[in-house]
Amino acid sequence: MAVTKIKRIRGNPGDPLSYIGNPEKTRNRGFSEADRQALADIIAYAADEKKTEKQYFTTGINCDVENAREQFNITKLSFNKTGGIVCGHCMQSFDGYEVTPEEAHEIGVQMSKELWGDRFQIVVATHLNTNNVHNHIVFNSVSFVDGKRFHFCTEETMRIRAVSDRICRERNLSVIEHPEGKRVPYSLYKMEKAGMPTRYNVARQALAEAISVSANMEEFKSELKKRGYLYQFNPRRKYWTVTPPGWTKAIRTDRLGDQYTREMILQRVFSNDIGVRMQRMRNECRSTNHYDLKRRIDKIMGRSGLEKLYLRYCYELGYLPKYRQNPVRLHAVLKEELLKCDLYSEEAKFLARYNISTEEDLEKRMKSLTEDYSSISAQRSELRQKLRRKMPVEEEAQCREKVRELTAELKDTRKELKLCRDIRERSGQVERNLETVIEYRTRGKERKPL
């Protein structure tokens with residue numbers, strides 16, 4: 001059974017590529033220091049003698065292992081493509097000692113030749129330093145045939161997996177027939193690990209709250225409705241799903257953890273006693289102290305128009321004066337909005353910076369930015385046309401520097417245009433969400449005893 005993955009190697013060496021080579025031996029005219037070092041690091045790592053038994057299991061395809069870095073660089077220089085991604089790094093790992101090192105290396109070389117051997121320079125190294133034999137395959141990002149760059153994409157990842165699986169089947173090795181993939185997207189996993197709110201942990205918290213105050217399924221469904229959640233609890237369905245407020249895509253409850261499968265939800269709800277209802281009533285009737293002190297909300301209410309709207313929204317999300325909001329205490333319509341706190345903060349700053357209060361002000365700013373974008377883009381195109389002609393070295397350097405400055409200006413202008421469009425699209429929903437929150441609080445105060 002072989003597992004494959006591929007990643008890009010850019011000009012900055014990362015932690016996994018911590019084998020630092022001698023900088024004096026990696027210099028090559030036309031390359032940045034970071035590009036040279038990254039390429040040296042990754043090739044040195046793949047061909048490390050301690051892991052390959054004195055390089056017995058290393059093979060160069062369309063290049064020599066000892067001179068691979070120089071030959072990679074020569075190809076890049078010949079096609080004037082020395083920046084960006086310096087090479088690709090593919091890993092092929094086998095299950096334990098299912099294969100011998102010799103066979104693993106043969107598979108790696110066969111796969112590499114079939115995938116990229118007709119266009120790219122490749123180094124294949126088989127490592128023996130872990131509990132499972134695995135191949136490291138490093139290939140040049142620029143083709144020695146036509147100078148085209150390797151295209152990193154999902155289709156290429158699937159092609160690598162397909163070729164690896166086919167070769168393993170031909171050799172009667174095990175193959176993962178139905179790979180599950182990641183249960184949670186990596187971006188969401190990182191956010192949850194950092195303690196940031198995501199649609200998964202917010203939905204998990206909402207279900208936990210609803211379960212804790214419900215003694216039967218009807219009460220559980222009612223609690224979910226109060227929090228703005230849609231649900232599909234049909235007993236004929238294999239999986240139960242919930243849809244958070246503001247989202248169109250449902251979430252399978254079993255994806256939220258072992259405690260949120262259909263069986264566990266039923267078990268947890270019906271294990272609650274009648275006391276949960278009394279606890280819920282006490283929470284609803286509990287009064288809080290109110291103090292007449294100067295607060296940040298008073299300053300916000302002194303603003304007007306869109307600026308006031310977005311500042312108030314950031315305040316309700318707990319983003320002002322700094323992020324200190326507890327997601328559990330937020331109204332249901334705001335919980336999912338926590339994921340967009342940074343965006344709303346940027347938009348509030350943008351509105352305050354240009355004193356935009358009305359939709360007319362926003363349209364004027366959009367028109368001005370559009371005109372600026374067209375003007376800067378035209379200037380950059382003119383300079384790029386000029387660079388195609390021969391000119392003195394100093395003048396060429398000045399033109400390139402000006403192009404870089406205009407590109408940075410275009411980036412900033414494009415960002416502000418995106419903020420304007422987003423404000424125009426979201427402001428209506430932001431206003432409706434605030435009205436919902438204020439109305440909910442007003443009803444809560446009316447219910448409280450004097």
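The model shown is predicted, which means the values in this text are computed figures rather than measured ones.

Parameters at a glance
Residues numbered from 1 in each chain as written. Predicted model: local features only at pLDDT ≥ 70, side-chain atom pairs only at ≥ 80, totals over all residues. Heavy atoms only, no water. Helix = DSSP H or I, 4+ residues; strand = E, 2+ residues; numbered from the N terminus. Buried < 20%, exposed > 50% of the residue type's maximum accessible area, 1.4 Å probe, protein only. Contact = heavy atoms within 4.5 Å. Areas by Shrake-Rupley, 256 points an atom, 1.4 Å probe, with all protein chains shown as cover. Core = buried A, V, L, I, M, F, W, Y, C linked by side-chain atoms within 4.5 Å. pLDDT = per-residue confidence, 0-100. Pairing = 2+ DSSP bridges. Axes fitted to C-alpha atoms, helices over the stretch in contact; angles between N-to-C directions. Parallel < 35°, antiparallel > 145°, perpendicular 65-115°, else oblique. Left-handed = near helix turned anticlockwise from the far one by under 90°. Nonpolar A, V, L, I, M, F, W, Y, C, P; charged D, E, K, R; others polar. Phe/Tyr/Trp six-rings, centres within 6.5 Å; stacked < 30°, edge-to-face > 60°. Lys NZ or Arg CZ within 6 Å of the ring centre and 35° of its normal. Salt bridge = Lys/Arg side-chain N within 4 Å of Asp/Glu carboxyl O.

Now for the overall build of the protein. Helix and strand counts for the protein stand at 16 helices and eight strands. In the protein, which comprises 450 residues, the share counted as buried stands at 40%. Contacts in the protein between residues far apart in sequence, at least 24 positions, make up 67% of those at least 6 positions apart. Entry remark: accessible area of the protein is about 26800 Å², with carbon and sulfur atoms responsible for 49%.

A word on the nonpolar core. With 25 residues, the main nonpolar core has Met111, Trp116, Ile122 and Ile137 as its most contacted residues. Among the elements of the structure, β3 (87-94), α4 (101-116), β4 (122-127), β5 (134-140) and α5 (154-170) are those that each provide at least two residues to this core. The element contributing the most residues to this core is α4, with six residues. Sequence-distant contacts of Trp116, that is, excluding residues within four places in its chain, are made with Cys90, Ile122, Ile137, Phe139, Phe150, Glu156, Arg159 and Ile160. Core analysis: the second largest hydrophobic core is formed by 24 residues, Cys341, Ala348, Leu362 and Cys420 among them.

On to unusual backbone geometry, then. A negative phi angle characterises most non-glycine residues, just as the trans form characterises most peptide bonds. A positive phi angle, near 65°, is found at Asn62, a position not held by glycine. If you trace the backbone, Asn62 turns up in the loop between β2 (58-61) and α3 (68-78). If you check the backbone angles, Asn172 has positive phi at about 60° while not being a glycine. Following the sequence through the fold, Asn172 ends up in the loop between α5 and α6 (186-193). We classify Asn172 as exposed; its relative accessible area is 73%.

Let us now look at α3. Among all positions of α3, only Ala68, Arg69, Gln71, Phe72, Asn73, Thr75 and Lys76 are buried. Two residues or fewer past α3, Asn80 is found with a positive phi of approximately 55°.

On to the confidence of the model for the protein. Should pLDDT be low for a region, the predicted coordinates there are not to be read in detail. With 72% of its residues at a pLDDT of 70 or more, the protein has an overall mean of 77. Note on residues 51-55: pLDDT is under 50 here. Beyond four places in sequence and across chains, it has 18 contacts. Considering only residues more than four positions removed or in separate chains, one finds that residues 286-298, a stretch of pLDDT under 50, has nine contacts.

Take the sheet that holds strand β6 (residues 230-232) next. A sheet is described by the order of its strands in space; here three strands give the open sequence β6-β7-β8, paired in antiparallel fashion. Edge positions in the open sheet fall to β6 and β8 (251-252), since each of these has one partner strand only.

Two elements in contact, α4 and α5, have axes whose closest approach is 10 Å; the angle formed by their N-to-C orientations is 135°. Relative to α5, the element α4 is oriented oblique. In this structure, the crossing between α4 and α5 has a hand that is right-handed. In this structure, α4 uses Ile107, Gln110, Met111, Glu114, Leu115 and Trp116 to contact α5, whose residues at the interface are Glu156, Arg159, Ile160, Val163, Ser164, Arg166, Ile167 and Glu170. Here the residues of the contact of α4 with α5 sort into seven nonpolar, two polar and five charged.

Scanning the model with the defined rule gives 11 aromatic pairs in all. With a centroid separation of 6.3 Å and an interplanar angle of 20°, the aromatic rings of Phe139 and Phe152 are classed as stacked. Of this pair, Phe139 sits in strand β5 while Phe152 sits in the loop between β5 and α5, and the two are 13 residues apart along the sequence. The two residues Phe139 and Phe152 agree in class, both being buried. Put simply, the rings of Trp116, Phe120, Phe139, Phe150 and Phe152 touch in pairs and so form one group of aromatic residues. One residue, Arg268, lies across the ring of Tyr260, its end atom 5.1 Å from the ring centre.

The buried fraction of β4 amounts to six of the six residues, a majority that puts the element mostly inside the structure. Both faces of β4 are covered, namely the face carrying Ile122, Val124 and Thr126 and the face carrying Val123, Ala125 and His127. When β2 meets β4, the two strands line up antiparallel, connected through four bridges. Residue pairing in the sheet places Thr58 in a bridge with Ala125 of β4. Bridging between β4 and β5 involves six bridges; their strand directions are antiparallel. Note that in β5 the partner of Ile122 across the bridge is Phe139. Once β4 ends, the chain turns through six residues before running back antiparallel as β5.

The next subject is the pattern of salt bridges. Enumeration over the complete set of coordinates arrives at 19 salt bridges. Here Arg262 ties to Glu263 by a salt bridge, and the two come within 3.9 Å at their closest N and O atoms. For Arg262, a relative accessible area of 23% puts it in the partly exposed group. For Arg353, the salt bridge goes to Glu416, with nearest N and O atoms at 3.9 Å. Within this pair, whereas Arg353 is found in helix α14 (residues 341-353), its partner Glu416 is found in helix α16 (residues 393-447), the two being separated by 63 residues in sequence. On the accessibility criterion, Arg353 (49% relative accessible area) is partly exposed. The exposure class assigned to Glu416 is buried, which follows from its relative accessible area of 15%.

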